[in-house]
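Here's the letter readout for the chains.
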Amino acid sequence: MRKSKKVLLSVSGLILLVVLTWLAYYLIHFYCYDNYKDDLSSYEYEKGTEFRPINESKSDVDGMVLATENDKLKLYVNAETAEVAIYDKRNGEIVRSNPVNADEDAIATETNKNYLKSQIIVDYFNASRTEGTFDSYSYCTERGQVEAESIENGIRFLYNMGDLTSQTGIVPQYISKETLNNVLLAMSPEGMKFSQKKFVESDVADGYMEMLESTVKGASQLRKLNKYFEEAGFTYEDYIREMENSGVEDAIPISFLIPLEYRLDGDSVDVSIPMSGVEEYGGGSIFRIQLLRYFGTAGTEEEGYMLVPNGSGSLIRFNNGKTTASAYSEYVYGIDPLAAEYTVMENTENIKMALFGIFRENSSVFATIEDGASFSYLTAGVAGKINEYNYVYPTFVLRGNDKLAMFGSTGNEAELPIVESDLYDANLTVRYSMLDEEHSGYAGAANYYRERLAEEGVLSAKEKTEEDIKFYYDVLGGVTMTKFFMGIQYDGLYAMTTFDEAAEISNDLAASGVSNQVMNFQGWMNRGYYHDVTDKIKVPRALGGKSDLEALSNTVDSNGGSFYGDVALQKVTLISKRYSASNETSRYYAGYIADFGLVNPANLRKTSGLGYEENIYMLISPKFLVRYADKFADKVQNFDIQGISLRDLGDELHSDKRRTNVIDREKALDVVEARLSNMEETGKNIMLNDCNDYAFAYADDIINAPLTDNDYYIVDETVPFYEMIIHGYIDYSGSAINLSDTYDKTDVVLNLVENGASPHFMFSWGNANEIKNTGLNRFYATTYLNWKEDALAIYEEVNGALKYVNGEAITNHEILENGVRAITYSNGITIYVNTTNADQTINGVSVPARSYGIGGV
């Protein structure tokens, strides 16, 4: 009996020890792990002072006063309407925050006229989760509820937005006994005698008094009360405090205090909304702010166009007559995957650049979103639809929200709005640059932005050489394949291309005249293409092991090329063995773990594995990305390979909506940038896939860059603005040519030449038929020997044009009237691309139909 007791106690102790050990591991490894906080950025909210305009003998902008100036610009303001105007000393041009003749708009409704006169438009939820909208004109400046403060190099407007009228004036209907006694003591004897009779004890909260109903309805009594309270020093802010503290629902009206700042910086004005200065009252919850909707807007009599970052870049011409088209609207860096619909209605390219512009004959305004870009989306519209103006502006989504479908016992369905409790904190900033004549138009803007990024150290010019352009190719290595052992099914690795076979491809390309090749080997570690998480690195023996991997890198190097090993850090396949999905995955509201995958053609949902579970993936929380990415950066240094190809670190950006620890996209961006910096510190070359602009600083090569735009009806022209920024600084290619849905060799060549892009293919040594029963069966045309001839022909033709401008910046891009596009480089060479079916002669250069010509060689 005693022995049994000892055994029971021992077993119980052992179980307790295991439980405590597991609990300690959980707390340390998951719950308390917060290293990501070391990467988060911050900002300071500058203290404002009384606004005093600068005196000058004559204003350059009628009806406005000078707030500040520098050697290039003057900032003028109207302190009552909060309108601003930027006066350019270099050319005398004026850019305004709002059109001057808004009330004369012939097609705008009263609401749209109010929007034309507003600087910010706020969408919010009330306490009942019903949506509402305040525009800064009708809910602030028209009511005299805006104040101006001076800040360094600029001005701050404080918008008190909302209907602040009170039935009882500044005298609260509910007031604490303590506050009332203090106010009464500050009154004259006459005021004290009158006022104390107008309140009785209330049951809304302990220690509260309530105004008599007869007094609430008595206009003369309220006038006297307000007079006595004002004399006692009681303010509207005191009224708000007392009414809020009473706890009475809807005791005070919904209102918001929003600071909007303008600061001059060289040839630019930085426009900011520091979210730490935003205050919400009356149960209102801001979820979206439109900023300077009509800054620099152009009327129906003006000529010009707007630039939007649609794919590689798009132009929307003023007054293009497309009034039936939907306005252009896209999220910067794509919508947060956790907030996106699972059903895919269209296949579009995400925005890669946080910028836009509006260009007219005598002035060019180029805007970049400097802070808060990942919260934003851009909208552009043309005159003739809702008003007589052409416009482009950003909107910031500042609080996550969604609608949860609820089903009752009767089968009825209702939608319950879900709204995050806290506003996202960022110093939302858009820099509007007033471009000089040298930098006019979209080509000038590209030159301006490239020069600025170079000055800031984001871009570094590549050494100019006369070598051939690069030939990019992915090599498909290890592939997950269903195998059997003694009748038992398991996931095994199939070597589509071993390291030795990849070396043969590299040698063969070199022997065929490709002297500048870039190999991106996919599926080289941790069980292949759909690899396990990256806290460990194990090279499969089936591919040749570590020694053959390093030998392959040396082979590519000796052939004059660059070798990259591909890795996915943010998307974790469902078949990962060492990943804790329940703890480390970004969650949606209510703790839901979102799975993603391929688009199912039957229902268009992007959650399908199409029969292969490895195609389904989870998004790692930014909180735990730190652990896996940093461990990979540490361990990859033990491998003698030239570079790392980051499959998803340069373009994937998502939040974590875990209720106990929301990580918004700006915080996630801080984490991602810190990881990119750590990868750079490994000393290895960095290749980025489909790279967003925040990652430019870390890229040596970019693959799958956008070489066209989304074909929206409102768009008039496609331009290679993305490429115009980085050519000569970062080498790049478009998507894999042999995996394209359509294939016309001439179209491919002309598109590459216009964009200054190198060809890109995906190869495998094994026959592509071998993977038709795997999750990678979409890579159906990769066999190297089948594609070698076409690949070399395309490379030779593209190289025939671009080898003359390798390492040079694109300084101009013109869309000529005859259907030819002219691309000029910093060495003076111009390449003419003719996509028409007729031969052309441009500036003495013969340009055959559906071909190109070169001038200045």
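Just so it is clear, the model here is predicted, and its values are computed rather than measured.

Conventions used here
Residues numbered from 1 in each chain as written. Predicted model: local features only at pLDDT ≥ 70, side-chain atom pairs only at ≥ 80, totals over all residues. Heavy atoms only, no water. Helix = DSSP H or I, 4+ residues; strand = E, 2+ residues; numbered from the N terminus. Rg over C-alpha atoms; globule rule 2.2 N^0.38 Å. Buried < 20%, exposed > 50% of the residue type's maximum accessible area, 1.4 Å probe, protein only. Contact = heavy atoms within 4.5 Å. Areas by Shrake-Rupley, 256 points an atom, 1.4 Å probe, with all protein chains shown as cover. Lys, Arg positive; Asp, Glu negative; His and termini not counted. Charge placed at Lys NZ, Arg CZ, Asp CG, Glu CD. Phe/Tyr/Trp six-rings, centres within 6.5 Å; stacked < 30°, edge-to-face > 60°. Lys NZ or Arg CZ within 6 Å of the ring centre and 35° of its normal. Axes fitted to C-alpha atoms, helices over the stretch in contact; angles between N-to-C directions. Parallel < 35°, antiparallel > 145°, perpendicular 65-115°, else oblique. Left-handed = near helix turned anticlockwise from the far one by under 90°. Nonpolar A, V, L, I, M, F, W, Y, C, P; charged D, E, K, R; others polar. Pairing = 2+ DSSP bridges. Polar contact = N/O pair within 3.5 Å; in protein donor to acceptor, adjacent residues only side chain to side chain. Expected span 1.5 Å × (residues − 1). Arc of directions from axis to C-beta. Patch = residues over 30% accessible without salt bridge, like charges linked within 9 Å, V, L, I, M, F, W, Y side chains within 5 Å. Salt bridge = Lys/Arg side-chain N within 4 Å of Asp/Glu carboxyl O. Core = buried A, V, L, I, M, F, W, Y, C linked by side-chain atoms within 4.5 Å.

(A) Spotlight on the overall build of the protein. Looking only at helices and strands, the protein has 16 helices and 47 strands in total. Whereas a compact globule of 857 residues would reach a radius of gyration of roughly 29 Å, the protein reaches 32 Å, a difference of no more than 12%. Principal-axis analysis of the C-alpha atoms places the extent of the protein at approximately 105 × 105 × 50 Å. In the protein, which comprises 857 residues, the proportion classed as buried is 56%. Long-range pairs, those at least 24 residues apart, make up 69% of the contacts in the protein between residues at least 6 apart in sequence. If you sum the accessible surface of the protein, you get close to 37,200 Å²; carbon and sulfur atoms cover 46% of it. Each charge sign in the protein was given a centre, from 74 positive and 128 negative side chains, and these centres are 9 Å apart.

(B) Main features of unusual backbone geometry. The phi torsion at N526 lies on the positive side, around 45 degrees, for a residue other than glycine. Mapped onto the fold, N526 is located in the loop between β31 (517-522) and α10 (545-558). The backbone of R850 shows a phi angle near 50 degrees, a positive value even though the residue is not glycine. Considering the arrangement of structural elements, one finds R850 in the loop between β46 (845-847) and β47 (851-855). Taking the relative accessible area as the measure of exposure, R850 reaches 29% and is therefore partly exposed.

(C) Summary view of the packing of aromatic side chains. Evaluation of the coordinates by the stated rule reveals 44 aromatic pairs. Between F229 and F234, the ring centres sit 5.3 Å apart and the planes meet at 85 degrees, which makes this aromatic pair edge-to-face. Residue classification places F234 among the buried residues on the basis of a relative accessible area of 7%. Ring geometry for Y743 versus W787: centroids 5.4 Å apart, planes at 75 degrees, classification edge-to-face. Linking Y743 in the loop between β40 (731-732) and α15 (745-755) with W787 in helix α16 (residues 784-802), this pair joins segments that are 44 residues apart in sequence. For Y743, a relative accessible area of 33% gives the class partly exposed. Given the relative accessible area of 15%, W787 is considered buried. Clustering of aromatic rings is evident, with ring pairs tying together F471, Y473, Y743, F761, F763, Y784, W787 and Y795. The ring of Y713 has K322 lying over it, and the distance from NZ or CZ to the ring centre is 5.2 Å. Note that R778 overlies the ring of F779, its terminal NZ or CZ placed 4.9 Å from the centroid.

(D) Inspection of the packing of helix α9 (residues 499-511) against α16 at higher detail. Orientation of α9 relative to α16, taken along the N-to-C sense of each, is 30 degrees, at an axis distance of 12 Å. Taken together, α9 and α16 sit at an angle that is classed as roughly parallel. α16 is crossed by α9, and the crossing has right-handed handedness. Every residue of α16 that contacts α9 at I505, D508 and L509 is listed here: Y784, K788 and L792. Taken together, the residues of the contact of α9 with α16 break down into 4 nonpolar, no polar and 2 charged.

(E) Structural detail: the sheet that holds strand β4 (residues 83-88). Taken together, the 4 strands give an open sheet; going across it, the order is β2-β3-β4-β5, and neighbouring strands pair in antiparallel fashion. Edge strands, defined here as strands with exactly one partner in the open sheet, are β2 (65-69) and β5 (94-96). Averaged over all neighbouring strand pairs, the angle between strand axes comes to 25 degrees, with direction disregarded. Sheet topology places strand β3 (residues 73-78) next to β4; 6 bridges connect them, and they run antiparallel.

(F) Fine view of the pairing of strand β19 (residues 314-317). Note that strand β18 (residues 304-308) and β19 share 4 bridges and pair antiparallel. Its bridge partner lying in β19, V308 is registered against S314. Summarising the sheet, β19 and strand β39 (residues 717-718) pair through 2 bridges and their orientation is antiparallel. Its bridge partner being in β39, S314 is matched across the sheet by T718.

(G) View of the side chain of K470. Within the secondary structure layout, K470 lies in the loop between α8 (441-455) and β28 (471-476). Judged by its relative accessible area of 12%, K470 is buried. There is a polar contact of 2.8 Å between the side chain of K470 and the side chain of D701. If we skip the residues at most four places from it in the chain, K470 touches N516, V518, D701, D731, S758, P759 and Y795.

(H) Broad picture of helix α6 (residues 219-231). Look at α6: 19 Å from first C-alpha to last across 13 residues, which is about the 18 Å you get at 1.5 Å a residue. Within the span of α6, buried status applies to L222, L225, N226, Y228 and F229. Considered in projection along α6, the buried side chains sweep an arc of 165 degrees and stay on one side of the axis. Those residues of α6 that are exposed and angled more than 90 degrees off the buried face are R223, E230 and E231. With its phi angle positive at about 90 degrees, G233 sits one or two positions after the end of α6.

(I) Broad picture of a nonpolar patch on the surface. On the surface, L16, L20, W22, L23, L27, I28 and Y31 cluster together into a nonpolar patch covering about 770 Å² of accessible area. Position of L23 among the secondary structure elements: in helix α1 (residues 2-31).

(J) Quick look at the pattern of salt bridges. A full pass over the atoms with the stated rule returns 44 salt bridges. E56 serves as the salt-bridge partner of K74, at 3.2 Å between the closest nitrogen and oxygen. Here K74 is found in strand β3, whereas its partner E56 is found in the loop between β1 (49-50) and β2, with 18 residues between them in sequence. Residue classification places K74 among the buried positions, given a relative accessible area of 12%. Owing to a relative accessible area of 28%, E56 belongs among the partly exposed residues under this scheme.

(K) Spatial organisation of the nonpolar core. Of all hydrophobic cores here, the largest spans 185 residues; its most connected members are Y432 and F721. The dominant element in this core, judged by the number of residues it contributes, is α16, at 9 residues. Core analysis: the second largest hydrophobic core is formed by 25 residues, Y174, V183, M211 and V216 among them.

(L) Structural detail: the sheet that holds β40. With respect to topology, 8 strands assemble into an open sheet ordered β40-β38-β37-β36-β32-β31-β28-β41, the strand pairing being parallel. Looking at which strands have only one partner, the edges of the open sheet turn out to be β40 and β41 (760-763). When strand β38 (residues 701-703) meets β40, the two strands line up parallel, connected through 2 bridges. Paired with I702 across the two strands is Y732, which belongs to β40. Each of β31 and β32 (562-567) is contacted by α10, which is oriented at about 140 degrees to β32, the strand it contacts most. Packed onto the sheet, α16 meets β28 and β41 and runs at close to 170 degrees relative to β41.

(M) Focus on the packing of helix α12 (residues 622-635) against helix α13 (residues 665-680). Interaxial distance between α12 and α13 falls to 10 Å at its minimum, and their mutual angle equals 5 degrees. As the angle between them shows, α12 and α13 are arranged roughly parallel. For the pair α12 and α13, the contacting residues are P622, L625, V626, A629, D630, F632 and A633 in the first and A668, V671, V672, R675, N678 and M679 in the second. Per-class residue counts for the contact of α12 with α13 are 10 nonpolar, 1 polar and 2 charged.

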